[in-house]
Amino acid sequence: MQVLGIDVGGSGIKGSPVDTNTGEMLGERFRIATPKPATLEAVVDTIGQIAEHFEWKGPVGCGFPCVMRKGIAYTAANLDKSLIGADLAKAVSDRVGSPAVVINDADAAGLAVMRFGVGKDEKGLAMVITIGTGIGSALFYEGKLIPNSELGHVTLNLKKEGKAQDAETLVADSARKRDDLSWKEWSVRFTEYLKNMELVMNPDVFILGGGAAKKKDKFLKHLKVDTPVKVATLENRAGIIGAAMASREFGQ
Ligand code: BGC
């Protein structure tokens, strides 16, 4: 099956046709900068432009940084709040003229990693964490997605700094850059986050993805947790491939 996979982010909207049997991208990834403001209409139109670029006529799968239920967005991180409450599946489908499935972006990245990447043979509870501008999470039990986990938004109390705040604002890659942390300093924070996740989720494995995963050589050795840690290798392709997989697994 061939599906156009699209990954909507706060800075770019990226897409490519994907072969959902193999997880291969069938074209050169095409990216358009996220419109500012990223209103519902502007974002959906950009998705339409990506479909036009590929002259796409088939099914579409889209990942958004949104909690998503039955096609409707309940949150919108780094996008205009006009997306909240909108039926994104219908809006995308109307614009593109094909059936569309929408999914949370971290859940999409997780699907790609679990079907085609380092998570392929993972049984039990796998927690995929995407580290980028935000922190995304995707939970899989026996390979089945438990959607919309949003575990980047637990409250984290950093022992060293006595700060209790939304974990994402302390451990995302954007926080590392904002606070000018060395990879080692960031790893100390991220270890605290992972320890918190061990305490409440008890996963069998952590799988780290997102843009920061490319820098694994700089931080992996500093993470001190009991749970095995793996790093996703699909990098920035995971969001697109997983969005396409959502159409295959959850589409009509
Ligand atoms: C959002 C999640 C999203 C993550 C990564 C978070 O701020 O709440 O829905 O998966 O960012 O984009």
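Residues numbered from 1 in each chain as written. Predicted model: local features only at pLDDT ≥ 70, side-chain atom pairs only at ≥ 80, totals over all residues. Heavy atoms only, no water.

Quick look at the site of the ligand
Taken together, the neighbourhood of the ligand is formed by P65, C66, A77, N104, D105, A106, I135, G136, E150, H153 and E168. Here D105 contributes a side-chain N or O atom positioned 2.5 Å from an oxygen atom of the ligand. A distance of 2.7 Å is found between an oxygen atom of the ligand and a side-chain nitrogen or oxygen belonging to E168. Bound to the protein, the ligand loses 89% of the 310 Å² it would expose on its own. Counting atoms within 2 Å of the grid points, the majority share of the ligand lands in the largest pocket. Taken together, the residues of the shell around the ligand break down into five nonpolar, three polar and three charged. (Near = heavy atom within 4 Å. Polar contact = N/O pair within 3.5 Å; in protein donor to acceptor, adjacent residues only side chain to side chain. Areas by Shrake-Rupley, 256 points an atom, 1.4 Å probe, with all protein chains shown as cover. 1 Å grid on protein atoms, 1.4 Å probe; cavity = no way out; pocket = protein on both sides within 12 Å on 5 of 7 lines; lining within 4 Å. Sits in = over half its atoms within 2 Å of the grid points. Nonpolar A, V, L, I, M, F, W, Y, C, P; charged D, E, K, R; others polar.)

Digging into the domain arrangement of the protein chain
Considered domain by domain, the protein chain is made up of domain 1 (2–108 + 237–250) and domain 2 (121–233). The C-alpha-based centres of domain 1 and domain 2 are spaced at 24 Å. In this assembly, eleven residues from domain 1 lie in contact with eleven residues from domain 2. When the buried surface of domain 1 facing domain 2 is broken down by residue, V67, A106 and D107 rank first, second and third, together holding 62% of it. The interface formed by domain 1 and domain 2 includes zero salt bridges. Only strand 6 (68–69), strand 8 (100–104) and helix 3 (105–116) provide two or more residues apiece to the side of domain 1 that touches domain 2. Within the side of domain 1 that touches domain 2, the residues separate by chemical class into six nonpolar, two polar and three charged. (Domains from an automatic or database assignment. Contact = heavy atoms within 4.5 Å. Buried area = accessible area lost by both parts, 1.4 Å probe. Salt bridge = Lys/Arg side-chain N within 4 Å of Asp/Glu carboxyl O. Helix = DSSP H or I, 4+ residues; strand = E, 2+ residues; numbered from the N terminus.)

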